[in-house]
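Coordinate inspection notes
The primary structure of each chain is shown beneath.
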Amino acid sequence: MKNIRKIKTISKISEIDIEKNIIEYKTKKGKFGVKNPKIPIKDSQESREIIIHMMCDGCFSSGYAAYYNVGKETKEEFVKELRKVFGNIGYKIHKDSVHFSSAVMWILKEFFDVDFNSKKCRVPQKFFKGNRKKLIGIVRAIIIDEGTIDGSNIRLDSCNQKFLEDIKKICLKLGYSCGKIWQSKGPIFRFNILAKSIAELKKDMEKLPIHRKQILIEMVEKNQKREWEYKLPGEIKKKIIKSLLNNPKRKIELILALNLPKTTIGSHLRWLIKKEIVKYNVKKKH
């Protein structure tokens, strides 16, 4: 941006004409550039999601930018958003991250006046305004990175209390019911989007690239609509044992197989493990 202003001052060519003739830009130290860039950058749902992703799980320095996530679909969606906002951006997908042009991070930093340090970042003031779709994008991005669907609520976590307070304000602006922010070990700050707002949130939000989280949200919505049957003592434990006898399962697979809340499965599973009725194998990392 500074170089464009210098060219404009020296050549007396309008900024619009300069922007039209930019074929590629990159940082001096950066490995990747952006060819045939989309200029000017616009405030959109995608640009907001990129910023929130990078605040939550990103890494950014003078010549390096990466978004860390192991999910294949999540990384692919992130690249799709980058290209929609910036153009033909250079990138490389790794097992646990997407490495991309750091030039776009400098542009986002200046255009939206943001700090990407996870302990210092705040939701830009501009993000508290805009249409519902833009506001939803902010909440969707943090659910992807920092959301836990637990029982009947969606819990959002952050090491940055002020940032989380900003996210809660966005949720309230969207009309979602939220619990109080509390502090856990770390310290980690947390609050819940409450059960009565899950159906509305699901309706607002595009499907998540993390299939497991999407299924759990759908289960929460479904469970809110149905009347629960009374279970006899030990009935759920028997269902868990029967399911595991058919074939070993992770907890998420049990939740999906038995169509029961995560908290319910978890409490019964812990009891079965404690009594050594069920064995839990932890794979060692090599």
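I will try to describe carefully the structure that is included in this document. Quick caveat, the model's predicted, so the values are computed rather than measured.

Comments concerning the overall build of the protein chain
- When you go through the protein chain residue by residue, the secondary structure sums to 12 helices and 11 strands.
- Long-range pairs, those at least 24 residues apart, make up 63% of the contacts in the protein chain with a sequence separation of at least 6.
- Accessible area of the protein chain: about 17,000 Å², with a carbon and sulfur share of 52%.

So, the nonpolar core
- Within the largest apolar cluster, 74 residues are counted, with the highest numbers of intra-cluster contacts made by Phe86, Phe100 and Ile193.
- If one sorts the elements of this core by residue count, helix H6 (residues 132-146) sits on top with eight residues.
- Discounting chain neighbours no more than four positions away, the residues touching Phe86 are Tyr25, Val34, Pro37, Lys38, Ile41, Ile50, Val104, Ile107 and Leu108.

Describing the sheet that holds strand S8 (residues 147-150)
- Here four strands make up an open sheet; going across it, the order is S8-S9-S11-S10 and the pairing antiparallel. Looking at the sheet topology across the chains shown, the edges are occupied by S8 and strand S10 (182-184). Strand-to-strand twist of the sheet, defined as the mean angle between neighbouring strand axes without regard to direction, takes the value 35 degrees.
- Looking at chain direction, S8 and strand S9 (residues 153-158) are connected through four bridges and run antiparallel. When the sheet's bridge partners are listed, Asp150 is paired in S9 with Asn153.
- Packed onto the sheet, helix H7 (residues 161-173) meets S9 and strand S11 (188-193) and runs at close to 10 degrees relative to S11.

Details of the side chain of Ser97
- You can see Ser97 is positioned in strand S7 (residues 97-100).
- Judged by relative accessible area, which is 4%, Ser97 ranks as buried.
- There is a polar contact of 3.4 Å between the side chain of Ser97 and the side chain of Asp96.
- Setting aside its immediate chain neighbours within four residues, Ser97 contacts Tyr67, Tyr68, Asn69, Lys75 and Lys92.

Observations regarding the packing of helix H3 (residues 45-57) against H6
- Interhelical geometry of H3 versus H6 gives an angle of 30 degrees and a closest axis separation of 8 Å. One finds that H3 runs roughly parallel with respect to H6. As H3 runs across H6, the sense of the crossing is right-handed. Only Lys133, Lys134, Leu135, Gly137, Ile138, Arg140, Ala141, Ile142, Ile144, Asp145 and Glu146 of H6 make contact with H3, whose side of the interface consists of Gln45, Arg48, Glu49, Ile52, His53, Cys56 and Asp57.
- Broken down by class, the residue content of the contact of H3 with H6 amounts to seven nonpolar, three polar and eight charged.

Here's the deal with the pattern of salt bridges
- Counted under the stated rule, the structure contains 11 salt bridges.
- A salt bridge links Asp166 to Arg122; the shortest N-O distance between them is 2.7 Å. Of this pair, Asp166 sits in helix H7 while Arg122 sits in the loop between helix H5 (103-112) and H6, and the two are 44 residues apart along the sequence.
- We classify Asp166 as buried; its relative accessible area is 2%.
- With a shortest N-O distance of 3.0 Å, Asp157 and Arg155 are connected by a salt bridge.

Regarding the packing of aromatic side chains
- Enumeration over the complete set of coordinates arrives at six aromatic pairs.
- Taking 6.0 Å as the distance between ring centres and 80 degrees as the angle between the ring planes, the aromatic pair formed by Phe60 and Phe116 counts as edge-to-face. Remark: Phe116 occurs in the loop between H5 and H6 and Phe60 occurs in strand S3 (residues 58-61); sequence separation between them is 56 residues.
- A ring pair is formed by Phe112 and Phe127, whose centres lie 5.3 Å apart and whose planes are at 70 degrees; its orientation type is edge-to-face. Here Phe127 lies in the loop between H5 and H6 and Phe112 lies in helix H5, a separation of 15 residues in the sequence. Taken individually, Phe112 and Phe127 each receive the classification buried, so the pair is uniform in this respect.
- Among the aromatic residues, those joined into a ring-pair cluster are Phe60, Trp106 and Phe116.

Rules behind the numbers
- Residues numbered from 1 in each chain as written.
- Predicted model: local features only at pLDDT ≥ 70, side-chain atom pairs only at ≥ 80, totals over all residues.
- Heavy atoms only, no water.
- Helix = DSSP H or I, 4+ residues; strand = E, 2+ residues; numbered from the N terminus.
- Contact = heavy atoms within 4.5 Å.
- Areas by Shrake-Rupley, 256 points an atom, 1.4 Å probe, with all protein chains shown as cover.
- Core = buried A, V, L, I, M, F, W, Y, C linked by side-chain atoms within 4.5 Å.
- Buried < 20%, exposed > 50% of the residue type's maximum accessible area, 1.4 Å probe, protein only.
- Pairing = 2+ DSSP bridges.
- Axes fitted to C-alpha atoms, helices over the stretch in contact; angles between N-to-C directions.
- Polar contact = N/O pair within 3.5 Å; in protein donor to acceptor, adjacent residues only side chain to side chain.
- Parallel < 35°, antiparallel > 145°, perpendicular 65-115°, else oblique.
- Left-handed = near helix turned anticlockwise from the far one by under 90°.
- Nonpolar A, V, L, I, M, F, W, Y, C, P; charged D, E, K, R; others polar.
- Salt bridge = Lys/Arg side-chain N within 4 Å of Asp/Glu carboxyl O.
- Phe/Tyr/Trp six-rings, centres within 6.5 Å; stacked < 30°, edge-to-face > 60°.

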